[in-house]
Amino acid sequence: MAPKKSKNRTPSPDPNGIFSGISVYLVEKGVQNRRLQVWKQKLVQMGATIEERLSKKVSHVFAVDLNSLLQQVDRERLTRYKGFILLYQWLVDSLSSGEKVSEDLYLLNLDSEEDNIADKSLDWKQENENVSSDCEPLHHKRIKSSHEDVESFKVESKRDADNNAVSETLNSSISSDNLPDSPSTASMSLDTPGGQFKDVNVLQPSLPYSPPDLNKNITEIFGKLINIYRALGEDRRSFSYYKVIPVIEKLPFKIESADQVKGLPGIGKSMQDHIQEIVTNGNLSKLEHFETDEKVRTISLFGEVWGIGPATAQKLYEKGYRTLDDLKSEDSLTHSQRVGLKYFDDIKTRIPRQEVQDMELLLQKAGEDILPGVDIVCGGSFRRGKSSCGDLDIVITHPDGKSHKGFLSRFVKRLKDMNFLREDLIFSTHSEEDSDSCVDTYFGLCTYPGRELRRRIDLKVYPRDIYAFGLIHWTGNDVLNRRLRLLADSKGYRLDDTGLFPATHGSGGKKGAKASTSLKFGTEKEVFDFLGFPWFEPHERNL
DNA sequence: CGGCCAATACTG
DNA sequence: CAGTAT
DNA sequence: GCCG
């Protein structure tokens, strides 16, 4: 690749591009995956191109040591190879010094004698052990590992939060609260791993890292594919697109060629091809095809009805239905689907924050009426401070730890009497009286007092001792939830909305033996702390 | 090729 | 049990 | 879809 354009090739805070022009091949053997992904990202951000195979284009080959190198690449090829063959340490040092350091000290030599090689590989091994002590914590105590992970998370989260803040500046006043808070934290975290950011921060104290819209052309199209594939029931595929969007959003430059994203996590052959097509043609034929295909369009539409999923949507299509109006004459619809259909437009309409707040208050008063002391909060995007919400997620408990039982049915009855709840979708008649320690749930539609517009509402009643888990779960967002779950997993626990359980891993236990009871925590913070996850205020959980 | 976003609860 | 939703 |  010809490194010709040395001017401001990107609108990013990335005048450095310290790896600009180099083309790398990575020997992944022996590298901790997480670290590898970070390196790839850095390389790409700093202008390098990642090759999947060792070719003439490659100017730098990286390996953790000679053994891994030879294990993955033909010795024969290597002897013919003309570029640098280096230890990853070169990468680390270059990143921390903010410039490409001399390759001399990091060269991996093949042409040594056998015994020399043995010696060297030993040396390298030791080197790497030193290295790994401050980047690969696995050998040492668990605690350290989690700590480092947490640090990484912090960095990522803050960046993501910034992303959101930028893109949602339009309609969210809360997110602007994020901005003043982020730079300091972010710059502090960034100082450690990547020194060059420090300079950037000094020069641009206001915005340490600003990856706004660039590549929106790509993420928008991928966003549509997510919905289409989900409607078609191809969840896995849909999720692949879902995962790759944040990766692309983090890039500080506008993608002009698929080479620039090659090797990034979640980006394989297909993604590259799609990206290439989008940056050259401005559109994606695959998406165009989907959007014109009547079957895909119809199934997608039907799938937007509450209670209709991919399977039902397809059946209905095959029965000949093409519009929502047609569907109303179908007998096989369930009660929920009929309600979902009838109030299709209502349900899709977002709810202004103010109305949610009013309804939360209404619910709290109604609850207090029939059960003094009952604790009722609206979770979901409302609790995260969003200016509008898709629905109401109401999380309920009672401080005394027992009078929550049987509350839900009384509450629902009451709310129906006052004409707040209007239609049922799902009613868990779980613990009317006594079946203890389970979560009662109600899904339905409600209205703002004096109006007819239907709003989706979920009510969930938790026993006090697992309330914190429910609150965390229903406050979200899903990205944060997933990280918490992952973190819990890595520490040998299983986390969900009903508790934190010691991993009953593969051994024996089927379903009957739900034996392990959840650890008890009174507050969200205690859960975060226990997991070693940094505390996020609800409004900071819009990752 | 098979796993991956986990796990659970209601409906009919 | 399959399908659907959270 | 991607990844191992």
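Residues numbered from 1 in each chain as written. Chains lettered and ligands numbered in written order. Predicted model: local features only at pLDDT ≥ 70, side-chain atom pairs only at ≥ 80, totals over all residues. Heavy atoms only, no water.

An unreviewed UniProt entry lists chain A under the name DNA polymerase, with Dipteronia dyeriana as the source organism. Heading Sequence similarities (unreviewed entry) of the UniProt record for chain A holds this comment: "Belongs to the DNA polymerase type-X family." Check the Catalytic activity (unreviewed entry) section of the UniProt entry for chain A; it says "DNA(n) + a 2'-deoxyribonucleoside 5'-triphosphate = DNA(n+1) + diphosphate". (UniProt positions renumbered as here; feature names shortened; annotations may be inferred.)

**A word on the overall build of chain A**
Looking only at helices and strands, chain A has 23 helices and 13 strands in total. In chain A, buried positions account for 47% of the 543 residues. Within chain A, contacts between residues at least 6 apart in sequence are counted, and of these 63% link residues at least 24 apart. When the accessible surface of chain A is summed, it comes to about 27,200 Å², and 51% of that surface belongs to carbon and sulfur atoms. (Helix = DSSP H or I, 4+ residues; strand = E, 2+ residues; numbered from the N terminus. Buried < 20%, exposed > 50% of the residue type's maximum accessible area, 1.4 Å probe, protein only. Contact = heavy atoms within 4.5 Å. Areas by Shrake-Rupley, 256 points an atom, 1.4 Å probe, with all protein chains shown as cover.)

**Quick notes on the protein's contact with DNA strand D**
DNA strand D sits among 16 residues. The nearest are Asn33, Tyr229, Ser240, Gly268 and Lys286. Considering the 4 Å shell around the protein, atoms of DNA strand D inside it are sugar or phosphate in 68% of instances. Between DNA strand D and the protein, one listed contact pairs a phosphate oxygen with a side-chain N or O atom of Tyr229 at 2.6 Å. Looking at the surface near DNA strand D, the elements that each hand over two or more residues are α10 (235-250) and α11 (269-281). Residues belonging to the surface near DNA strand D are distributed by class as follows: six nonpolar, six polar and four charged. (Near = heavy atom within 4 Å. Polar contact = N/O pair within 3.5 Å; in protein donor to acceptor, adjacent residues only side chain to side chain. Nonpolar A, V, L, I, M, F, W, Y, C, P; charged D, E, K, R; others polar.)

**Examining the sheet that holds strand β4 (residues 84-87)**
Across the sheet, four strands lie side by side as β2-β1-β3-β4; this open sheet has parallel pairing. The open sheet has two edge strands, β2 (49-51) and β4, and neither has a second partner. The mean angle between the axes of side-by-side strands here comes to 30°, regardless of whether they run parallel or antiparallel. With four bridges joining them, strand β3 (residues 60-63) and β4 adopt parallel strand pairing. In the strand pairing of β4, His60 is matched with Phe84. The sheet contacts of helix α1 (residues 33-45) involve β1 (23-26) and β2, and relative to β1 the element is tilted by about 170°. Along the sheet face, helix α4 (residues 88-97) touches β1, β3 and β4 and points at about 75° away from the line of β4. (Pairing = 2+ DSSP bridges. Axes fitted to C-alpha atoms, helices over the stretch in contact; angles between N-to-C directions.)

**What about the pattern of salt bridges?**
Taken as a whole and assessed by the stated rule, the structure comprises 29 salt bridges. Of the charged contacts, one joins Glu234 and Arg237 as a salt bridge, the two residues approaching to 3.4 Å between their closest N and O atoms. You can call Arg237 partly exposed: its relative accessible area is 43%. Among the salt bridges present, the one from Lys262 reaches Asp259, with a minimum N-O distance of 3.2 Å. Residue classification places Lys262 among the buried positions, given a relative accessible area of 8%. Each member of the salt-bridge network shares a partner with another, and the members are Glu51, Lys57, Asp259 and Lys262. (Salt bridge = Lys/Arg side-chain N within 4 Å of Asp/Glu carboxyl O.)

**Some words on the side chain of Glu355**
The residue Glu355 is located in helix α18 (residues 353-370) in this model. Only 3.3 Å separates the side chain of Glu355 from the side chain of Arg455, close enough to count as a polar contact. In this structure Glu355 touches Tyr448, Arg451 and Arg455, once residues within four positions along its chain are discounted.

**A look at the packing of helix α9 (residues 216-231) against α10**
Closest axis-to-axis distance for the α9/α10 pair is 8 Å, and the angle between their directions is 160°. Judged by the angle between their axes, α9 and α10 are roughly antiparallel. Crossing of α9 over α10 shows left-handed handedness. Seen from α9, the contacting residues are Ile218, Thr219, Phe222, Gly223, Leu225, Ile226, Tyr229 and Arg230; seen from α10, they are Asp235, Arg237, Ser238, Tyr241, Tyr242, Val244, Ile245, Ile248 and Glu249. Of the residues contributing to the contact of α9 with α10, the split by class is 10 nonpolar, three polar and four charged. (Parallel < 35°, antiparallel > 145°, perpendicular 65-115°, else oblique. Left-handed = near helix turned anticlockwise from the far one by under 90°.)

**A closer look at the sheet that holds strand β11 (residues 454-461)**
Sheet architecture is open: five strands sit in the order β6-β8-β11-β10-β9, paired in mixed fashion. With partners counted over all chains shown, the strands left at the sheet margins are β6 (375-378) and β9 (421-427), one partner each. The sheet shows a mean angle of 25° between the axes of neighbouring strands, direction not considered. Two strands pair when backbone bridges link them, and strand β8 (residues 392-397) and β11 are joined in this way by five bridges, in the parallel orientation. When the bridges of β11 are listed, Ile396 appears paired with Val461. Taken strand by strand, helix α21 (residues 467-475) contacts β6, β8 and β11, and its axis lies near 175° from that of β8.

**Side note on the nonpolar core**
Among the nonpolar cores identified, the biggest contains 48 residues, and Phe19, Tyr88, Trp90, Leu91 and Phe222 are the most heavily contacted of them. Of all the secondary structure elements, the ones that give two or more residues to this core are β1, α1, α4, α9, α10, α11 and α12 (285-292). Considering each element in turn, this core owes the most residues, seven residues, to α9. Discounting residues that sit within four places of it in the chain, Phe222 has contacts with Tyr241, Val244, Ile245, Ile248, Met271, His274, Ile275 and Ile278. Judged by nonpolar contacts, the second largest core, of 28 residues, contains Leu408, Leu415, Leu421 and Tyr442. (Core = buried A, V, L, I, M, F, W, Y, C linked by side-chain atoms within 4.5 Å.)

**Considering α1**
Under the 1.5 Å per step criterion, the end-to-end length of α1 is 18 Å for 13 residues, consistent within 8% with the ideal 18 Å. Along α1, the residues that are buried comprise Arg35, Leu36, Trp39, Lys40, Gln41, Lys42, Leu43, Val44 and Gln45. A positive backbone phi angle near 100° is found at Gly47, which sits one or two residues after α1. (Expected span 1.5 Å × (residues − 1).)

**A look at the packing of aromatic side chains**
The geometry of an aromatic ring pair is captured by the separation of the ring centres together with the interplanar angle, meaning the angle of the planes. One pass over the full model with this rule turns up 16 aromatic pairs. Between Phe19 and Trp90, the aromatic rings sit 5.6 Å apart at their centres with planes inclined by 35°, giving tilted as the arrangement. Placement of the pair is Phe19 in the segment before β1 and Trp90 in helix α4, with a sequence separation of 71 residues. Each member of the pair Phe19 and Trp90 is classed as buried. Of the aromatic side chains, those joined through ring pairs into one cluster are Phe19, Trp39, Phe62, Tyr88 and Trp90. In this structure, Arg456 packs its charged tip against the face of Phe443, placed 5.7 Å from the ring centre. (Phe/Tyr/Trp six-rings, centres within 6.5 Å; stacked < 30°, edge-to-face > 60°. Lys NZ or Arg CZ within 6 Å of the ring centre and 35° of its normal.)

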